[in-house]
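Geometric and topological summary
Take a look at the letters that make up each chain.
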Amino acid sequence: MPLEWIGISVLWTFLYGYIIVASIDFGAGFFSYYSYLTKKEHVVNKIIDRYLSPVWEVTNVFLIFFIVGIVGFFPDTAYYYGTALLIPGGIALILLTIRGSFYAFANYGGRDSKFFLFLYGMTGLFIPAALSTGLTISEGGFIVKNGEKIEFLGGALFRSPYSWTVVFLAIVSILYISASFLTYYANKAGDVPASEQLRKYSLFWSGPTILASVLVFWGLSHHNPIHFEKAWNISWVFICSFLCFLAAVYLIWKRKFLGFSFIAVMMQFAFAFFGYGYSHLPYLLYPYITLQSGLTNSTMGWALVLAFIAGLVLLIPSLVLLMWLFLFNAKYIRNEK
Amino acid sequence: MDSVFWSRMLTEETLAFHIIWAAIGVGVPIFISLAEFIGIQKKDVHYTMMAKRWTRGFVITVAVGVVTGTCIGVLLSLLWPTFMQLVGNVISLPLFLETFAFFFEAIFLGIYLYTWDRFKNPYWHWLTSIPVIIGSTLSAVFITTVNSFMNTPAGFKLDAAGKVIDIDPIGAMLNPATPSKVGHVVSSSYLISGLLLAGLAAFFILRGRQHIYYKKALKLTMVTTFILSITTILMGDISAKFLAEHQPAKLAAAEWHFETKEGAPLVLFGSLDPKTNEVKYAIEIPKALSILATNNPNGTVIGLDSIPKNLWPPLYIHYLFDTKVSIGFYLLFITAVFLILWMWKKGNPFHPIVLCGVVIAAPLSFIAMELGWVFAEAGRLPWIITGIMKVGEAATTAANVKLMYFLFSGLYLLLAIVACIVLYRLFKGKPAEAELKAFEGGIS
Ligand code: HDD
Ligand code: HEM
Ligand code: HEM
């Protein structure tokens, strides 16, 4: 496989990983706050805490990995996106910082504060909204080069219907992913009331997720017809995604095989996300950076690939250990240990 | 021009804030692990309790370290896009490796925190602290190699058009500055973490806590920090010799050494007339600079006269360097005093004066670290990558950096305040004595 394909596959996979683990986290923040508002916090919050406490730092590293990796493999992206995105990037960063630190303060500092909970819930919606505009921007039209100067057209982004459909999709997806996972997790913990409550959330958000996906396609067809056409050519991928969606909703509806239903949710997003990414190529930033033009020199590229393989050898066993201890350990989930 | 200035301010502020928490993140796991190990070996619950209490505070500081680190990671691309474009081509390997170190640390920190009572054999739990140590120390090592690269770039060539060619990622990582810098940074991070814990223990004894727990904590940290002050000073000396060879401008500016000559004297303290560059009120030690820089009383030390004036680093770094070195020797002194009084049968290492000295050492050591960084970074000016790229050419051309500066300043202020309040609340009303009693009561 050529270097640029290895690079982008690795990065895209990690971004996918981030989307799944971070969605669970972001959505959980919102559900915590929502159930506090509706006086149901005693039902779901314990489950949420139990899962999130050991893993929040790991979630953050997924994002760092993606950012450092893309600068490493495709240094031009640092130049274009970096120059253009000072303000939106800075604001997303501030939100992310507030969220991470306050989560740790509330959780390890051992103090339940409504204000912390509020911040945690709200940033859980705003951060994905802000981060998702990164993908919108990559479609082109919002970063332009005038001579040597790189400019960001924030106003155009704000007025673009496509951009809003992406934001909408991001928000409903995290709620849907998160609720589906937590339904499974609560069920595994034998916590019937929590599982029932989360099941309702999950079913509730499944409809808007599909609606938003359709809207995004519609938006894309107007904003970047070339990309839309490429996506259309591999429409089977998106059909697979939809079938996974049906399977997931059916299983949750029937309260059966909740583990499989979450796997179906992951597959649904995997198909959609990789299909989207594949049809996006070769552009990393339309029309300025392509996979080939942006690639780092091959010595560095292969060094990074080797480092990546060595890193995985270390990481995979550690991640398995983490999951074995906290995710698939029924005793831990049930709070017996 | 404006965005260059504000980019500098924002970078400096973010780094200066991050390194406080990062250094704690690098060093404290060593002490936690040590205490837990001694606790298991000696079957002494005091040490186990020490490890638990330190861990509880540690997670709060780690959280701030993680989020501010994320800020730097992203801000580097936002504020220095041209720099990152070049860095991406030459030195992204250690940055990439660093993320694996973070991963490793993050995973095992989660495991360490939530498995205190899950293993029958306590050594298993202790073992999970080792990857945390490895992960955090390696992240310091990797990021320091990047900083070393900025000081002494290596592992690539520039062609006529200014494009990088002949790239050697390992060579870039193991550039001439790497050994001395990594050694000094890691050793000083351990040192200041130990002093932080020692300072807290000494503070509580001074406040009248009688329990043997605090004395044990103080003894443990004092022995280790004594050794670490020696290694830090040694590594500092190696760093100075490195500067003499590879970054003579930085050393000359730090020592106010204007003329290249043999047998150069060392200028201690003093003040500089900004117009005439005349040094006043300084202590001059004949030949000492030559000894420091070259191990030879008659060695030649390059002075500022050999460097074009527009490439001089700022001369105020002399004050930073002297203050830092003074603090370094103070740290060695106070830890040595404690140990001597402890060894000496009639001595009382817990004398209030000694304890006060230990308490002061904690903030002083953090000041020394900040001064060290400002010295090292400002001494690189006007370059962002020595000899390759100047700070002014590297900064973003975007407007509104000033706004970002103020937003982030507010953020760091908020973080600092809330973190302190949370830490205070965490331990207020929960002295070790009470916890130990509950703990021992539970066992018997
Ligand atoms: C507690 C912290 C601490 C203490 C006590 C010392 N240092 Fe230090 N010093 C650092 C913490 C530090 C640092 C923060 O870790 C720096 C900043 C950049 C670096 O590489 O390490 C540093 C940099 C630094 C440099 C510049 C290296 C470079 O730019 O490449 C020199 C020459 C010294 N130190 C020398 C010394 C000497 C002779 C000391 C004797 C007492 C000393 N340091 C004590
Ligand atoms: C340009 C400089 C730096 C950058 C870009 C940087 C980047 C980062 C990032 C992205 C994180 C968050 C990782 C996570 O999510 O877990 C982080 C945390 C950390 N950084 Fe930095 N860092 C810098 C300087 C330093 C220095 C000088 C040290 C050590 C002396 C250091 C040591 C650490 C450690 C140990 C952590 C883990 C958090 C903790 O345990 O406290 N970093 N850094
Ligand atoms: C990739 C890594 C790094 C980059 C891009 C970077 C960049 C810069 C830049 C551009 C400045 C401004 C210099 C000036 O104009 O005053 C600066 C200053 C500074 N940096 Fe670095 N640096 C890096 C690594 C580090 C590390 C690892 C540390 C330590 C934790 C550090 C600590 C500082 C400090 C304390 C200053 C303030 C110096 C002053 O006041 O002039 N830097 N850095």
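Keep in mind the model is a prediction, meaning the values are calculated, not measured.

Re the confidence of the model for chain A
Residues at a pLDDT of 70 or more form 91% of chain A, whose mean pLDDT is 78. Of all helices and strands in chain A, the one with the weakest mean pLDDT is helix H15 (residues 330-333) of chain A (60), whereas helix H8 (residues 161-188) of chain A scores best (84).

A word on the pairing of strand E2 (residues 149-152) of chain A
Two elements, strand E1 (residues 143-146) of chain A and E2 of chain A, share 4 bridges in a ladder whose sense is antiparallel. Along E2 of chain A, the bridge assignment pairs valine 144 of chain A with glutamate 151 of chain A.

Remarks on the coordination of the iron atom of ligand 1
Residue and element names in this part refer to chain B. Coordination of the iron atom of ligand 1 by the protein comes from His184 (NE2) and Lys324 (NZ), over a distance range of 1.7 to 2.0 Å. Here the iron atom of ligand 1 binds 6 donor atoms, and the angle range of 71 to 180° at the metal identifies the geometry as octahedral. Of the two residues, histidine 184 sits in helix H8 (residues 178-206) while lysine 324 sits in helix H12 (residues 317-343), which places them 140 residues apart along the sequence. Each member of the pair, histidine 184 as well as lysine 324, carries the same accessibility label: buried.

What to know about the site of ligand 3
Residue and element names in this part refer to chain B. Around ligand 3, the structure places 19 residues, and the nearest of them are Arg8, Glu12, Ile19, Phe83 and Glu377. For ligand 3, an oxygen atom lies 2.6 Å from a polar atom in the side chain of glutamate 12. Residue glutamate 377 places a side-chain N or O atom 3.0 Å away from a nitrogen atom belonging to ligand 3. If you list the elements that add at least two residues to the shell around ligand 3, you get helix H1 (2-42), helix H6 (129-151) and helix H13 (352-378). No other element matches H1, which puts 5 residues into the shell around ligand 3.

Structural notes on the coordination of the iron atom of ligand 2
The reference angle at a metal is 109.5 degrees if four donors form a tetrahedron and 90 or 180 degrees if six donors form an octahedron. Just one protein atom coordinates the iron atom of ligand 2, and that atom is His18 of chain B (NE2), at 2.1 Å. You can see histidine 18 of chain B is positioned in helix H1.

A look at the interface of chain B and chain A
Taken together, the contact between chain B and chain A spans 62 residues of the former and 66 residues of the latter. Between chain B and chain A lies a buried interface of about 5700 Å² when both sides are counted; carbon and sulfur atoms form 79% of it. Area buried by chain B at its contact with chain A is led by Phe96, Phe103 and Arg118 of chain B, which between them contribute 14% of it. Linking chain B to chain A there are 0 salt bridges. Seen at the junction of chain B and chain A, the total is 0 residue pairs in polar contact (both at pLDDT 80 or more). Secondary-structure elements contributing two or more residues to the side of chain B that touches chain A are helix H2 (45-79), helix H3 (81-90), helix H4 (92-114) and helix H15 (401-427) of chain B. Top element by residues in the side of chain B that touches chain A is H4 of chain B. It accounts for 18 residues. Its residues placed into classes, the side of chain B that touches chain A shows 47 nonpolar, 13 polar and 2 charged.

A short note on a nonpolar patch on the surface
All names here are of chain A. On the surface, a nonpolar cluster with roughly 370 Å² of combined accessible area is contributed by Phe168, Leu211, Leu215 and Trp218. The leading source of residues in the nonpolar patch is helix H9 (residues 192-223), at 3 residues. Following the sequence through the fold, phenylalanine 168 ends up in helix H8. Its relative accessible area of 32% is what places phenylalanine 168 among the partly exposed residues.

Side note on the nonpolar core
Counting 233 residues, the largest nonpolar core has Phe105 of chain A together with Phe83, Leu218 and Phe408 of chain B as its most contacted members. When neighbours within four sequence positions are excluded, leucine 218 of chain B is seen to be in contact with Ala198, Ala201, Ala202, Ile205, Phe338, Phe350, Leu355 and Val358 of chain B.

Procedures and definitions
- All residue numbers refer to position in the chain's written sequence, counted from 1.
- As they are written, the chains are lettered A onward and the ligands numbered 1 onward, keeping that order.
- Where totals are concerned, whole chains, interfaces and linings use all residues; where local detail is concerned, this predicted model gives features only for residues with pLDDT of at least 70, and gives and counts side-chain atom pairs only at 80 or more.
- With hydrogens and water set aside, each side-chain value is computed from the structure's full complement of heavy atoms.
- pLDDT measures the predictor's confidence residue by residue and takes values from 0 up to 100.
- Counting from the N terminus, the helices are the DSSP runs of H or I reaching at least four residues and the strands are the DSSP runs of E reaching at least two.
- A pair of strands is labelled paired if DSSP reports no fewer than 2 bridges between them.
- Only nitrogen, oxygen and sulfur atoms count as donors, using a 2.8 Å cut-off from the metal that widens to 3.2 Å for Na, K and Ca. Water is left out, so coordination shells may look unfilled.
- Metal sites are grouped by the angles between bound donors: all angles between 85 and 135 degrees with four donors is tetrahedral, opposite donors over 155 degrees apart with the others between 65 and 115 is square planar for four donors and octahedral for six, and any other pattern is irregular.
- Each residue is placed in one exposure class: buried if its accessible area under a 1.4 Å probe, protein chains only, is under 20% of its type's maximum, exposed if it is over 50%, and partly exposed if it falls in between.
- Here a residue counts as near a molecule or strand whenever at least one of its heavy atoms sits within 4 Å of it.
- Definition of a polar contact: a pair of N or O atoms within 3.5 Å, with one able to donate and the other able to accept a hydrogen when the atoms are protein atoms, and with sequence-neighbouring residues admitted only if both atoms are side-chain atoms.
- Contact between two residues is taken to exist if any of their heavy atoms lie within 4.5 Å; hydrogens are not considered.
- Buried area is a sum: the accessible area each of two parts loses on coming together, probed at 1.4 Å, counted once for each and added.
- Put simply, a salt bridge is a Lys or Arg side-chain nitrogen that is within 4 Å of an Asp or Glu carboxyl oxygen.
- Only Asp, Glu, Lys and Arg are considered charged in this grouping, and only Ala, Val, Leu, Ile, Met, Phe, Trp, Tyr, Cys and Pro are considered nonpolar; every other residue, Gly among them, is considered polar.
- By definition, no residue in a patch forms a salt bridge, and every one has over 30% relative accessible area; like charges are joined within 9 Å, nonpolar side chains (Val, Leu, Ile, Met, Phe, Trp, Tyr) within 5 Å.
- Here the open area of atoms and residues is found with the Shrake-Rupley method and a 1.4 Å probe, where only the protein chains shown may cover a residue.
- We call a set of buried residues a nonpolar core when its members are Ala, Val, Leu, Ile, Met, Phe, Trp, Tyr or Cys and they connect through side-chain atoms within 4.5 Å of each other.

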